[in-house]
Amino acid sequence: MKQQQTKGNRKYQERKEKEKKKQAAIAVAGILTAIAVIVTAAVCVQAVKSAKGKEKTTQKQAEESSSAETTVSNEEKETQDREKLIAQADRLCAMYDYDKAIATIQSYEKYSEFTEMTEAIKKYEKEKSKAVKYDNMTEITHIFFHTLIADTKKAFDGDEDQDGYNEVMTTIDEFNKIMESMYKKGYVMVSIHDISKKTVDKDGNVKMEKGEIYLPPDKKPFVLSQDDVSYYEYMEGDGFATRIVIGENGKPTCEMLQDDGTTVTGDFDMVPLIESFVEKHPDFSYRGAKGILALTGYNGVLGYRTDTEYKKNKTYKSDVEQAKKVAQCLKDNGWEFASHTWGHMHSAQVSMKRFKEDTDKWEKRVETILGETDVMIFPFGEDIGDWRGYDKEEYVDMDKLKYLQKAGFYYFCNVDSNQYWIQFGDTYFRMGRRNLDGQRMYYDMIDDEVDKLSDLFDVNKVFDKRRPTPVPK
């Protein structure tokens, strides 16, 4: 019995020992697991810290890189801005506007810190020192053209208008050769307002004074103008531009109607041809001056049917608005306007009543589109006074003169084939214009005793052989 109890106790003790060992093993495993969790957590925390550190480093590097790129970008932009200013100033200098060229460079705040800018100023000052005041202000020639013939086949097709075109108009080929010749001879376009300045005192009295023109000694000024820049309806289909438009580059150019009803844009008349020529030869223009465009109004202006007689047209309002935009574009690019009277009238022959009506129409129907102008270019060259001057009252129609001046006109141009014809009056300025057309060139070419053009060009090299000859007298 006792042996059985001892045996039973021994088994009980063995089971108890095993249970203790099992519990101890479980405890050790728990401790190891806890240690593993703690170690893992520490590693994770360190990894997060490391990642955050790397992120900050990367972000800082990115910021530093971005800052460097911004600095480079700003420097490049500033360099480009300086280069652009210098290019603008160089062009102004080429156009003899030295003071404006210098002011353009000085408009850059830190121009004195950049050698290229200070050297540019020195160059402009040197060029300015070479320019001299043009003293022969009564010896400035004024040339003029009508609408240029773009397609000789259509203009000279044998119809009833052919003779008129052949007589008073010039082909584009002739015009280009004339400009090239004059450029080589040292001619430079100036404004008529450069020759004579209009001043107004506090009481509203107008006084005309001689202007001042400064050019290099080998240069000589001239004035350019064009008559009838209205693109009349009767000329449609005869090989001429149809109107002036604003090109894609913002410059004035011409539109021409094709036989199929489509239009093309290009250098089809004097305005875009001069724009292209001056772009290539800025020294052909004095301080940005271009030419004077003389317009009538009865068919509208600049190729747009803007006269009130066209109010029934569906395009009337848009024509008026577009004509205003084109007119402003022309003025912005150095062109000036002149009245050619509203109805292309014979100024000296018409009655005073008709003269007033026409002048009033110009002011109400044309000047409201083009803006104010003080230049009168008489149609047919028919002046209201003779060569002795407007101050000789017995030789001028004073009523007409006073009416024109009341309307704001103080510059008056007629036609004279002499090299130059200028009058400076106290309250007016007069200038003769030379017609460089088919008739003038033809008779200079066939008569050795006649020489009205050789100071400008060689007529034998310019005259377009596609013209029908002889040219009508």
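Residues numbered from 1 in each chain as written. Predicted model: local features only at pLDDT ≥ 70, side-chain atom pairs only at ≥ 80, totals over all residues. Heavy atoms only, no water.

We now examine the overall build of the protein. On a plain count of helices and strands, the protein comes out with 13 helices and 16 strands. Taking all 473 residues of the protein together, 45% fall into the buried category. Expressed as a percentage of contacts within the protein between residues at least 6 apart in sequence, the contacts between residues at least 24 apart total 67%. In the structure as shown, the protein presents an accessible area of about 25,700 Å², 49% of it carried by carbon and sulfur atoms. (Helix = DSSP H or I, 4+ residues; strand = E, 2+ residues; numbered from the N terminus. Buried < 20%, exposed > 50% of the residue type's maximum accessible area, 1.4 Å probe, protein only. Contact = heavy atoms within 4.5 Å. Areas by Shrake-Rupley, 256 points an atom, 1.4 Å probe, with all protein chains shown as cover.)

Further remarks concern the environment of F378. Structurally, F378 can be placed in the loop between strand 13 (375–377) and helix 11 (398–406). Placed 36 residues apart in sequence, F378 and N414 show a C-alpha to C-alpha distance of 5.7 Å.

To continue, consider the pairing of strand 4 (residues 196–200). Across five bridges, the pairing between strand 4 and strand 5 (residues 206–210) is antiparallel. Pairing of K198 across the sheet is with M208, part of strand 5. Hairpin connection of strand 4 to strand 5: five residues between the antiparallel strands, including G204 at a positive phi of 85°. (Pairing = 2+ DSSP bridges.)

It is worth spelling out the nonpolar core at this point. Residues F145, M179, L302 and L370 are the most contacted members of the largest nonpolar core, which totals 70 residues. When sequence neighbours within four positions are dropped, the list of residues in contact with L302 reads V229, S230, Y231, R243, I244, L295, A323, V326, A327, L330, F337 and L370. Core analysis: the second largest hydrophobic core is formed by 40 residues, Y108, A131, V190 and M431 among them. (Core = buried A, V, L, I, M, F, W, Y, C linked by side-chain atoms within 4.5 Å.)

Our focus in this paragraph is the packing of helix 6 (residues 172–184) against helix 8 (residues 270–280). At a closest axis distance of 11 Å, the pairing of helix 6 and helix 8 adopts a crossing angle of 35°. Two packed elements cross with a definite hand, and for helix 6 against helix 8 that hand is right-handed. Contacts between helix 6 and helix 8 involve I172, F175, N176, M179, E180 and Y183 from the former and M270, L273, I274 and F277 from the latter. In terms of residue class, the contact of helix 6 with helix 8 is made up of eight nonpolar, one polar and one charged. (Axes fitted to C-alpha atoms, helices over the stretch in contact; angles between N-to-C directions. Left-handed = near helix turned anticlockwise from the far one by under 90°. Nonpolar A, V, L, I, M, F, W, Y, C, P; charged D, E, K, R; others polar.)

This part takes up the pattern of salt bridges. Tallied over the entire structure, the rule returns 27 salt bridges. Put simply, E174 and R467 hold a salt bridge, and the shortest N to O gap is 2.9 Å. Taken together, the positions of E174 in helix 6 and R467 in the segment after helix 13 (459–462) put the pair 293 residues apart, joining distant regions of the chain. Both residues of the pair, E174 and R467, belong to the buried class. Among the salt bridges present, the one from D455 reaches R434, with a minimum N-O distance of 2.9 Å. Pair noted here: D455 is in the loop between helix 12 (438–446) and helix 13 and R434 is in strand 16 (residues 429–435), with a separation of 21 residues, a long-range link. Bridged by salt links that share partners, the residues D307, E309 and R365 form one connected network. (Salt bridge = Lys/Arg side-chain N within 4 Å of Asp/Glu carboxyl O.)

Let's shift gears to the side chain of D238. Within the secondary structure, D238 sits in the loop between strand 7 (220–226) and strand 8 (243–246). It is K154 that comes nearest to the buried, bridge-free D238 among opposite-charge side chains, at 8.5 Å. (Lys, Arg positive; Asp, Glu negative; His and termini not counted.)

Glancing now at the side chain of D383. Along the chain, D383 falls in the loop between strand 13 and helix 11. Classification of D383 by relative accessible area gives buried; the value is 11%. Engagement of the side chain of D383 in a polar contact is seen with the side chain of N414, the distance being 2.9 Å. If we ignore the near neighbours within four places in the chain, the residues touching D383 are A348, F378, Y390, N414 and R430. (Polar contact = N/O pair within 3.5 Å; in protein donor to acceptor, adjacent residues only side chain to side chain.)

Under the counting rule described, the total for this entry stands at 20 aromatic pairs. Ring centres 6.3 Å apart and planes at 25° place the aromatic pair Y96 and Y286 in the stacked group. With Y96 in the loop between helix 1 (2–94) and helix 2 (98–106) and Y286 in the loop between helix 8 and strand 11 (292–295), this pair connects stretches of sequence that are 190 residues apart. Plain terms: the ring middles of Y165 and Y234 are 6.4 Å apart, the flat faces sit at 15° to each other, and that makes the pair stacked. One end of the pair, Y165, is in helix 5 (residues 162–168); the other, Y234, is in the loop between strand 7 and strand 8, with 69 residues separating them in the sequence. Residue classification places Y234 among the partly exposed residues on the basis of a relative accessible area of 45%. Counting every residue linked through ring pairs, the aromatic cluster contains Y165, Y232, Y234, F240, Y298 and W342. One residue, K361, lies across the ring of W342, its end atom 4.2 Å from the ring centre. The ring of Y395 has R388 sitting right over it, with the charged end atom 3.5 Å from the ring centre. (Phe/Tyr/Trp six-rings, centres within 6.5 Å; stacked < 30°, edge-to-face > 60°. Lys NZ or Arg CZ within 6 Å of the ring centre and 35° of its normal.)

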